[in-house]
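Letter by letter, the chains look like this.
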Amino acid sequence: MEQRRYPRIRVQGMTIDISDGIRCCAATVADVSRGGLCLSEMGRKFGKKFDRLTVVAVSGEQHFKFRVKPRWEMVGPWHKTIGVEIEQAPWQWTSFVQSLENRRRF
C-alpha cells in the first residue's frame, strides 16, 4: 500500500544535474512530489558512498537547487534509478509541484 505523504506526479522533459561534492552526473526525472524525486538513467556507481547530494532540476525555464537524501535504489546492468527525499524544499519547488498537482486534477 502506498504510504507517501504527497502523491508522485509523472513528469516529462525535466532534467537534473547531481553532485556528490566531488563528481557530477546527469539524470532524468521520472516523477516528483513536494518532498521527493525519482531519478533514472544515472550511472551505476555514482553517489554510492554519499548520504547527501546536491541537485539542480531544470524544467523549461525554471531551475531549482536543493539537497537530497537517497532513500532507495534499483541498479540495472548499465544505469540505476534512485528515490530521493528533498531536505528543506524551497518554496519555489513546492509551488511548482502544487501547480502540477492542480493540473492533474482537471
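Described below are features of the structure shown in this document. (Residues numbered from 1 in each chain as written. Predicted model: local features only at pLDDT ≥ 70, side-chain atom pairs only at ≥ 80, totals over all residues. Heavy atoms only, no water.)

1. Points about the side chain of E101
- In this fold, E101 is placed in helix α1 (residues 91-105).
- Since its relative accessible area comes to 7%, E101 is described here as buried.
- Looking at E101, its side chain comes within polar contact range of the side chain of R34, at 2.6 Å.
- Setting aside residues up to four positions removed in sequence, E101 forms contacts with P7, I9 and R34. (Helix = DSSP H or I, 4+ residues; strand = E, 2+ residues; numbered from the N terminus. Buried < 20%, exposed > 50% of the residue type's maximum accessible area, 1.4 Å probe, protein only. Polar contact = N/O pair within 3.5 Å; in protein donor to acceptor, adjacent residues only side chain to side chain. Contact = heavy atoms within 4.5 Å.)

2. Some remarks on the packing of aromatic side chains
- One pass over the structure, following the stated rule, counts four aromatic pairs.
- Ring geometry for F64 versus F96: centroids 5.1 Å apart, planes at 40 degrees, classification tilted. With F64 in strand β6 (residues 62-75) and F96 in helix α1, the pair connects residues that are 32 residues apart, well separated along the chain.
- By relative accessible area, which is 6% here, F64 ends up buried.
- Look at W93 and F96: their rings are 5.6 Å apart centre to centre, the planes differ by 40 degrees, and that puts the pair in the tilted class. A residue pair is termed a helical-turn pair when its members lie 3 or 4 positions apart in one helix, as W93 and F96 do in helix α1 at three residues. Of the two residues, W93 and F96, both sit in the buried class.
- A network of ring pairs unites the aromatic residues F64, F66, W93 and F96 as a single cluster. (Phe/Tyr/Trp six-rings, centres within 6.5 Å; stacked < 30°, edge-to-face > 60°.)

3. Observations concerning the pairing of strand β5 (residues 53-59)
- Where strand β2 (residues 15-19) and β5 come together, five bridges link them in antiparallel fashion. The residue bridging D17 from the neighbouring strand is V56, located in β5.
- With seven bridges connecting them, β5 and β6 associate as antiparallel partners. Looking across to β6, one finds that V58 is bridged to H63.
- Where β5 folds back on β6, the antiparallel hairpin that results is connected by two residues, among which G60 adopts a positive phi of roughly 65 degrees. (Pairing = 2+ DSSP bridges.)

4. Things to note about unusual backbone geometry
- Its identity as a non-glycine residue notwithstanding, E41 has a phi of 60 degrees, on the positive side.
- Tracing the backbone shows E41 in strand β4 (residues 36-43).
- The phi torsion at Q88 lies on the positive side, around 50 degrees, for a residue other than glycine.
- Following the sequence through the fold, Q88 ends up in the loop between β7 (79-87) and α1.

5. What about the pattern of salt bridges?
- Going through the model one piece at a time under the given rule, you end up with eight salt bridges.
- Among the salt bridges present, the one from D20 reaches R23, with a minimum N-O distance of 3.3 Å.
- Residue R23 is classed as partly exposed on the basis of its relative accessible area of 40%.
- One connected set of salt bridges, linked through shared partners, spans R8, R10 and D31. (Salt bridge = Lys/Arg side-chain N within 4 Å of Asp/Glu carboxyl O.)

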